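The chain contents come next:
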Amino acid sequence: MSADTVLILGGTAEARALAKDLVSDGRRVITSLAGRVKDPALPVGDVRIGGFGGIDGLATWLRDNSCTAVVDATHPFARQISANATAATDELDVPMLTLRRPQWQPQPGDHWLDVPDIAAAAKSVADMAADNDTLRVFLTTGRQDVDVFADITDAWFLIRLVDPPERAVPRHHQIIRSRGPYTVDGELDLMREHKIDVVVTKNSGGPLVQSKLEAARQLSLPVVMVRRPAPAHGEAVDTASAAATWVRQLLS
Ligand SMILES: NC(=O)c1ccc[n+]([C@@H]2O[C@H](COP(=O)([O-])OP(=O)(O)OC[C@H]3O[C@@H](n4cnc5c(N)ncnc54)[C@H](OP(=O)(O)O)[C@@H]3O)[C@@H](O)[C@H]2O)c1
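Small disclaimer: the values here were computed from a predicted structure and weren't measured. (Residues numbered from 1 in each chain as written. Predicted model: local features only at pLDDT ≥ 70, side-chain atom pairs only at ≥ 80, totals over all residues. Heavy atoms only, no water.)

Explain the layout of surface pockets to me, and be specific about the residues and the numbers.
Approximately 260 Å³ is the volume found for the second largest pocket. Lining the second largest pocket are 17 residues, with Arg100, Pro229, Ala230, Pro231 and Ala232 positioned closest to its centre. Of all elements in the fold, only helix H3 (79-92) and strand E12 (236-237) reach the threshold of two or more residues within the lining of the second largest pocket. It is H3 that contributes the most residues to the lining of the second largest pocket, three residues altogether. Each residue belonging to the lining of the second largest pocket can be placed in one class, and the counts come to ten nonpolar, two polar and five charged. (1 Å grid on protein atoms, 1.4 Å probe; cavity = no way out; pocket = protein on both sides within 12 Å on 5 of 7 lines; lining within 4 Å. Points joined across faces, edges and corners; volume = space filled by probe spheres on them. Helix = DSSP H or I, 4+ residues; strand = E, 2+ residues; numbered from the N terminus. Nonpolar A, V, L, I, M, F, W, Y, C, P; charged D, E, K, R; others polar.)

This is the structure we're talking about:
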């Protein structure tokens, strides 16, 4: 077992794949999860759960655990933890890499409405509802963003979540709880069954939940696509294996 300790900021499939690679090298890996999901998919290696307490808390944790490298493999929309990790590793001069899966790109036949953030997505849906008094929306942006749509009272929402919502939800809705991956056929069935008019999603990227995009394309449905926030500064890769190579070269 190497004396080095690698912190993976996790919560994604890529973070779990990276932990698996590094643990199989015999490295000490600690994956950190925010603790938002009640029954998270756990990576191999050590796991800690819960916030660090801002930049200072993270810096203290890195020092106390003699951490020699950090890989930020959090979700592309998890902005705060990435900013904190950049600041804490800069302060301690600990090398950090960002691992972000590639974004989804529109394909021929897609009708994407590109919006800069979740508030703009809600505005688009409200505008569509103003033109269509029976608008049916498939909302797949995740639990933390549902409340942004709560004031839209003249549309119906199919809301897909892993855990139940904790904040306000739109008045007319149905919640389905599930976790990907999903198949194109399953997504087609779901969208047809609920007579969906528009899909709303963040541009998370990755294969696990992209079937909804193919299904929307086949049904000629518009997709309100929330753009990713700007990436963190510094070195970045887009696959777990490239991140593993970075760690191996750094700690060889
Ligand atoms: N945002 C999404 O759409 C999304 C989707 C799927 C999975 N996730 C995962 O869920 C987690 C939370 O997402 P978020 O958007 O709420 O993050 P966020 O806004 O960037 O982070 C808010 C706070 O949560 C804590 N935190 C976040 N990720 C953490 C981690 N991996 N380990 C320890 N603490 C963490 C930090 O608290 P302290 O300041 O106290 O350290 C952070 O300041 C992320 O780790 C992400 O990978 C997010």
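Go over the domain arrangement of the protein chain with me, naming the residues and quoting the values.
What the domain assignment reports for the protein chain is domain 1 (5-102 + 230-251) and domain 2 (111-226). Taking the mean C-alpha position of each, domain 1 and domain 2 sit 29 Å from one another. Counting from both sides, the interface comprises twelve residues of domain 1 and, opposite them, 13 residues of domain 2. Roughly 910 Å² of surface becomes buried between domain 1 and domain 2 when both sides are summed, with 47% attributable to carbon and sulfur atoms. Taken as a group, Arg36, Lys38 and Phe77 account for 49% of the area that domain 1 buries against domain 2, more than any other trio of residues on that side. One can count zero salt bridges joining domain 1 with domain 2. At the boundary of domain 1 and domain 2, one finds six residue pairs in polar contact (both at pLDDT 80 or more). For the side of domain 1 that touches domain 2, the class distribution of residues is seven nonpolar, one polar and four charged. (Domains from an automatic or database assignment. Contact = heavy atoms within 4.5 Å. Buried area = accessible area lost by both parts, 1.4 Å probe. Salt bridge = Lys/Arg side-chain N within 4 Å of Asp/Glu carboxyl O. Polar contact = N/O pair within 3.5 Å; in protein donor to acceptor, adjacent residues only side chain to side chain.)

Explain the pattern of salt bridges residue by residue, including any values.
Tallied over the full model, the rule gives 15 salt bridges. Notably, a salt bridge pairs Glu91 with Arg63, separated by 4.0 Å at the nearest N-O pair. On the criterion of sequence distance, the pair formed by Glu91 in helix H3 and Arg63 in helix H2 (residues 54-64) is long-range, its members being 28 residues apart. Look at Glu91 and you get partly exposed, because its relative accessible area is 48%. (Buried < 20%, exposed > 50% of the residue type's maximum accessible area, 1.4 Å probe, protein only.)

Help me get a handle on the site of the ligand, residues and values and all.
Surveying the vicinity of the ligand reveals 22 residues, the closest of which are Ser32, Phe52, Gly53, Gln80 and Lys202. Within the backbone of Ile81, one N or O atom sits 2.9 Å away from an oxygen atom of the ligand. Relative to its free-state accessible area of 800 Å², the ligand is covered by the protein chains to the extent of 78%. Contributing elements (two or more residues each) for the shell around the ligand: strand E2 (28-33) and H3. Top contributing element to the shell around the ligand by residue count: H3, with four residues. Tallied by class, residues from the shell around the ligand come to six nonpolar, twelve polar and four charged. (Near = heavy atom within 4 Å. Areas by Shrake-Rupley, 256 points an atom, 1.4 Å probe, with all protein chains shown as cover.)

Give a detailed account of unusual backbone geometry, specifying residues and quantitative values.
Of note, the bond from Gly180 into Pro181 is cis; its omega dihedral lies within 30 degrees of zero at 5°. Counting through the fold element by element, Pro181 comes out in the loop between strand E9 (173-177) and helix H5 (184-193). Positive phi, close to 50°, is recorded for Lys195, a residue that is not glycine. Phi at Ser220 takes a positive value of approximately 55°, unusual for a residue other than glycine. With respect to the helices and strands, the residue Ser220 is situated in the loop between helix H6 (211-218) and strand E11 (222-226).

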